[in-house]
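Structural description and commentary
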Amino acid sequence: MKKSALLLELESRLQTEILFLDGAMGTMIQRYNLTEQDYRGDRYPNSKIDLKGNAETLNFTRPEIIKEIHTQYLEAGADIIETNTFNANRISQKDFELEDESFAFNQQAAKIAIEAANAFMAKNPNRKCYVAGSIGPTNRTASLSPDVNRPGYRAVTFDDLVAAYKEQVEGLIAGGCELFLPETAFDTLNMKACLFAIRQVEIERGVKYPVMISVTITDASGRTLSGQTVEAFWNSVRHFEP
């Protein structure tokens, strides 16, 4: 499989440089003290569910705020900014009855971030910055049962996750994003589903994209929510060559 030009470029830069990621999107959004109307805008006026807190809607209702946050991180020194798409998957958005917006959320968020990066680089020609598509873990776990009385029950299947992640990746690509960050993994099986989805897209397109991975350690035990150490997690995903 042919490596993308961006992957080759990043591999080259990372031989001699440290590239800095941006920081959290959610806490930055909270500083704006937005209202329910900010999240609804003209696009979701009739939602039966409160949308406040669903940051992905802001890609359409308040895109200038998302772009401003991206720009602040770039000005602070970030080399890589992440799209506002942590929960822009069909599984998470079902809580807001906006699952059919998943593709559009990703496409729009990628466009906003790329626009912010391009504008910043035009003013700072000595800086080369990148946009990473943020892919969160969803709000379901494939390894654990949410019901203590039914340990064998699962609220989501591996195939459900693969389908949701693939839709998200394709939306990010449609918006111009070619670098991906499956992030904040608390369940390695979820992450493996995400990587499987990315590989499906790569095979279909005949190109290998640059992919970064982040994992969450839940407490002082040094393990993920599903019980793995960092070393075990790495051995579970290293085959993907992130």
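All of these numbers come straight from a predicted model, not from anything done at the bench.

**Some remarks on the packing of helix α9 (residues 188-205) against helix α10 (residues 230-237)**
For the pair α9 and α10, interaxial distance at closest approach is 10 Å and the crossing angle is 25°. As far as their axial angle goes, α10 and α9 are roughly parallel. Note on packing geometry: the crossing formed by α9 with α10 is right-handed. Residues Thr 188, Met 191, Lys 192 and Leu 195 of α9 form the contact with α10, whose participating residues are Phe 233, Ser 236 and Val 237. Classifying every residue of the contact of α9 with α10 gives four nonpolar, two polar and one charged.

**Remarks on empty space enclosed by the protein**
Going through the model one piece at a time under the given rule, you end up with one cavity of 30 Å³ or more. For the largest cavity, the calculated volume is near 50 Å³. Lining the largest cavity are Ile 135, Gly 136, Pro 137, Tyr 165, Pro 182, Glu 183, Ala 185, Asp 187, Asn 190, Met 191 and Cys 194. Take the lining of the largest cavity: its biggest share by element is three residues, from α9.

**Thoughts on the environment of Glu 11**
The residue Glu 11 is located in helix α1 (residues 5-13) in this model. Sequence-wise, Glu 11 and Pro 210 are 199 residues apart; in three dimensions their C-alpha atoms are separated by 8.7 Å. Separated by 3.1 Å, the side chains of Glu 11 and Lys 3 make a polar contact.

**Describing unusual backbone geometry**
In this model, Asn 33 sits at a positive phi of 50°, which is unusual for a non-glycine residue. When you line up the elements, Asn 33 lands in the loop between α2 (26-30) and α3 (36-40). Classification of Asn 33 as exposed rests on a relative accessible area of 65%. Positive phi is not limited to glycine here, since Glu 97 has a value of about 60°. By the secondary structure assignment, Glu 97 is in the loop between α6 (90-93) and α7 (102-123). A relative accessible area of 55% means that Glu 97 is categorised as exposed.

Thresholds applied
- Residues numbered from 1 in each chain as written.
- Predicted model: local features only at pLDDT ≥ 70, side-chain atom pairs only at ≥ 80, totals over all residues.
- Heavy atoms only, no water.
- Axes fitted to C-alpha atoms, helices over the stretch in contact; angles between N-to-C directions.
- Helix = DSSP H or I, 4+ residues; strand = E, 2+ residues; numbered from the N terminus.
- Parallel < 35°, antiparallel > 145°, perpendicular 65-115°, else oblique.
- Left-handed = near helix turned anticlockwise from the far one by under 90°.
- Contact = heavy atoms within 4.5 Å.
- Nonpolar A, V, L, I, M, F, W, Y, C, P; charged D, E, K, R; others polar.
- 1 Å grid on protein atoms, 1.4 Å probe; cavity = no way out; pocket = protein on both sides within 12 Å on 5 of 7 lines; lining within 4 Å.
- Points joined across faces, edges and corners; volume = space filled by probe spheres on them.
- Polar contact = N/O pair within 3.5 Å; in protein donor to acceptor, adjacent residues only side chain to side chain.
- Buried < 20%, exposed > 50% of the residue type's maximum accessible area, 1.4 Å probe, protein only.

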